[in-house]
Amino acid sequence: MSAIPLRKDALFPTPVLVHSSPAHPAAPVIEERARKAAAKAPATGTGYRRVRAPEWLVSALAMALGIAACVAVWEMVSKFNASIPNPAVVGKAAIAIFSDPFYRKGPNDQGIGWNVLMSLQRVGIGFGLAALVGIPLGFAVGRFRFLSDMAAPIIAILKPVSPLAWLPIGLLVFKAANPAAIYVIFVCSLWPMIVNTAVGVRQIPQDYLNVARVLNLSEWKVFTKILFPAVLPYMITGVRLSVGVAWLVIVAAEMLTGGVGIGFWVWDEWNNLKVEHIIIAIITIGVVGLALEYVMVMLAKRFSYN
Amino acid sequence: MEKFLRVESVGMKFETKKGDFVALTGIDLTIRKGEFVSLIGHSGCGKSTLLNLVAGLLRPTEGAMLLAEREIAGPGPDRGVVFQNHSLLPWLTCFENIHLAVERVFGAGESKAQLNERVSRALDLVHLTPAAQKYPHEISGGMKQRVGIARALSMEPKMLLLDEPFGALDALTRAHLQDELVKIVAAAGSTVLMVTHDVDEAVLLSDRVVMMTNGPAATIGEVLEVGLPRPRNRLALANDARYMACRRSVLEFLYQKQLKEAA
């Protein structure tokens, strides 16, 4: 019993007719063609040829151009408005700041590295707690119609609320700024996680569930071998959205709560009227957000099965 | 002959928003042990519904179904199902996909090595040992379908249920897999119920071809005893008078008696 001839060349052997004997009736025509082709070949080698830059180079140039244009506009704005520092001043300040990111001079004066790390820590804790609660809740809501109907109005009403509106409640309950900020992150990360996990559970193809039924798999096997892997890509999407939102919200929350953190730092520098530092903070927040997003996309790629 | 599968006055009604939809009515069918039976009919005639009923994925709204004198109460590993779209889990390798089934059926009584041995044997049966560690998206459609068949066979089911198993394949691959299936089934002595819409496939593979009327409220129209000796050779049969007579009677049923109004 032989395997299927999957190799194309087994069915269509590479044509060697060109070199076949002239006795073959079709040979002259084929040879004629071959000669023409052979005559053409060197022309393409020595004649004009369009040289195209590699694609990555073109897009790298475009990116550089975009950034340069942005800096140019900024330069112009700073020319007309003296309160906005120009790129050179900000650059100099940035070098000073990033040359010593981890200094500590008292609770309200710490390096930008500490500020970013503190913010990331809050996001990490709040977001981790949200995952711990949101993902199992998402599974339950996705799996059982009754729970889904129960949760629908609550999620629908609470999802559009700005997470910062929860801050006073947090301050009231925890009586401290840091847990309140973490709590705000928890609340804003929770919804995307529940909703996406639930959608993932509902999207599981009936075929996979039929396999589970035909094989009569135990509930545990159904969960580990079918539900969880099938939902994982959706879950990671939920996680990605949550991290994005959390990073947006933490800056605002820290502006209100104070302490150490990138958001607080922005507000502090505003009070000191160090506008160049605010601009540095904006760029830093952007870069960190981009890095978070990148990590999540990599994670999603790792766990996508198609 | 032993009546292995008995389907007695089975009817199936689906509740829809527009009221009840009667898919099947008055289905009577018995299948002997080791018999290969095909269900053929126009699309939408409920042949897959009947297969799903035997698989236990659906419960009949009327009548009774018995497999080896026991009521079919739900899906179970005594019936190996091969789905039309192979339904392999994309996050498991071919080996793991089969292992999932083997572990379920034999996991309680056998050692790990024995289970792995079973999986290897199933893969070998469909000539896919080299693809054992590949993921479904890395292999061709025909290979996926073969893994599906191997998964169904690995459970050593009392009955093999095939739902248009070769429907999504090209003609060459299909012919090859049909021949493979016949050999595998003969070697294992399996009882088979296969849904198909391919007349040649039905006649070539089956002992009996069960022809279904058009839905709604579809039922069994005619049953053809193929009666061709085995092993059957598709080339030799191409001009065989008995084969052509079988083929003609199925075609007549489908295209004269059950001609669908032009959709």
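Note that the structure is predicted; figures quoted are calculated from it, not measured.

Colleague: When you look at the overall build of chain A in this model, what are you seeing that I'm missing?
Modeller: Scanning chain A from terminus to terminus reveals 12 helices and zero strands. Here chain A holds 306 residues, and the buried ones make up 35% of them. When contacts within chain A are restricted to residue pairs at least 6 apart in sequence, those whose partners lie at least 24 apart make up 64%. For chain A, the computed accessible surface area is about 19100 Å², with 70% contributed by carbon and sulfur atoms.

Colleague: What exactly am I supposed to notice about the domain arrangement of chain A here?
Modeller: Reports of interface size often rely on the accessible area that becomes lost once the parts have come together. One can read the domain layout of chain A as domain 1 (56-85) and domain 2 (97-302). Between the C-alpha centres of domain 1 of chain A and domain 2 of chain A there is a distance of 32 Å.

Colleague: What is the right way to read unusual backbone geometry from this model?
Modeller: Trans peptide bonds make up the majority, and among non-glycine residues the majority have a negative phi. Pro231(B) follows Arg230(B) through a cis peptide bond whose omega is -5°. With respect to the element layout, Pro231(B) can be found in the loop between strand E10 (220-225) and helix H7 (234-237). A positive phi is found at Asn216(A), a non-glycine position, where the angle reads about 60°. Relative to the helices and strands, Asn216(A) resides in the loop between helix H9 (206-215) and helix H10 (219-257). According to the relative accessible area criterion, Asn216(A) is partly exposed, its value standing at 33%.

Colleague: Would you mind showing me how to read empty space enclosed by the protein here?
Modeller: Rolled over the atoms, a probe as big as a water molecule pinpoints where empty space is left. Residues and elements named next belong to chain A. Scanning all chains against the criterion turns up four cavities of 30 Å³ or more. The volume enclosed by the largest cavity comes to roughly 50 Å³. Every residue lining the largest cavity is listed: Pro107, Asn108, Asp109, Gln110, Asn115, Gly259, Val260, Phe264, Trp265 and Asp268. It is helix H11 (residues 262-271) that provides the largest number of residues to the lining of the largest cavity, a total of three residues. Partitioning the lining of the largest cavity into residue classes produces four nonpolar, four polar and two charged.

Colleague: What's the story with the interface of chain A and chain B in this structure? I'm lost.
Modeller: Taken together, the contact pairs 19 residues of chain A with 29 residues of chain B. At the boundary of chain A and chain B, one finds six residue pairs in polar contact (both at pLDDT 80 or more). Looking at the side of chain A that touches chain B, the elements with two or more residues in it are H9 and H10 of chain A. Among the elements that make up the side of chain A that touches chain B, the one with the highest residue count is H9(A) (seven residues).

Reading guide: rules and limits
Each chain carries its own residue numbering, running from 1 in the direction its sequence is written. Chains and ligands are labelled by the order in which they are written, letters from A for the one and numbers from 1 for the other. The predicted nature of this model means local features are confined to residues of pLDDT at least 70 and side-chain atom pairs, given and counted, to a pLDDT of 80 or more, with totals for whole chains, interfaces and linings taken over all residues. Side-chain calculation: all heavy atoms of the structure are included, whereas hydrogens and water are not. Strands are runs of DSSP state E lasting at least two residues, helices are runs of H or I lasting at least four, and both sets are numbered from the N terminus onward. When accessible area is computed with a 1.4 Å probe and restricted to protein chains, residues below 20% of their type maximum are described as buried, those above 50% as exposed, and intermediate ones as partly exposed. In this analysis, two residues are considered to be in contact whenever any of their non-hydrogen atoms come within 4.5 Å of each other. Using a 1.4 Å probe, accessible areas were evaluated by the Shrake-Rupley method; residue-level cover was limited to the displayed protein chains. Start and end points for every domain follow an automatic or database-based domain assignment. Buriedness of a pocket was judged along seven lines, with at least five required to meet protein on both sides within 12 Å; pockets are open sets of points on a 1 Å grid over the protein atoms alone, cavities are sets where a 1.4 Å probe fits but cannot get out, and lining residues have an atom within 4 Å of a point. Grid points are joined across faces, edges and corners, and a volume is the space filled by probe spheres set on the points. Three residue categories are used. Nonpolar comprises Ala, Val, Leu, Ile, Met, Phe, Trp, Tyr, Cys and Pro, charged comprises Asp, Glu, Lys and Arg, and polar comprises the others, including Gly. As used in this structure description, the phrase polar contact means that two N or O atoms lie within 3.5 Å; if the pair is within protein, one of them must be able to donate a hydrogen and the other to accept it, and residues adjacent in sequence are counted only when both atoms belong to side chains.

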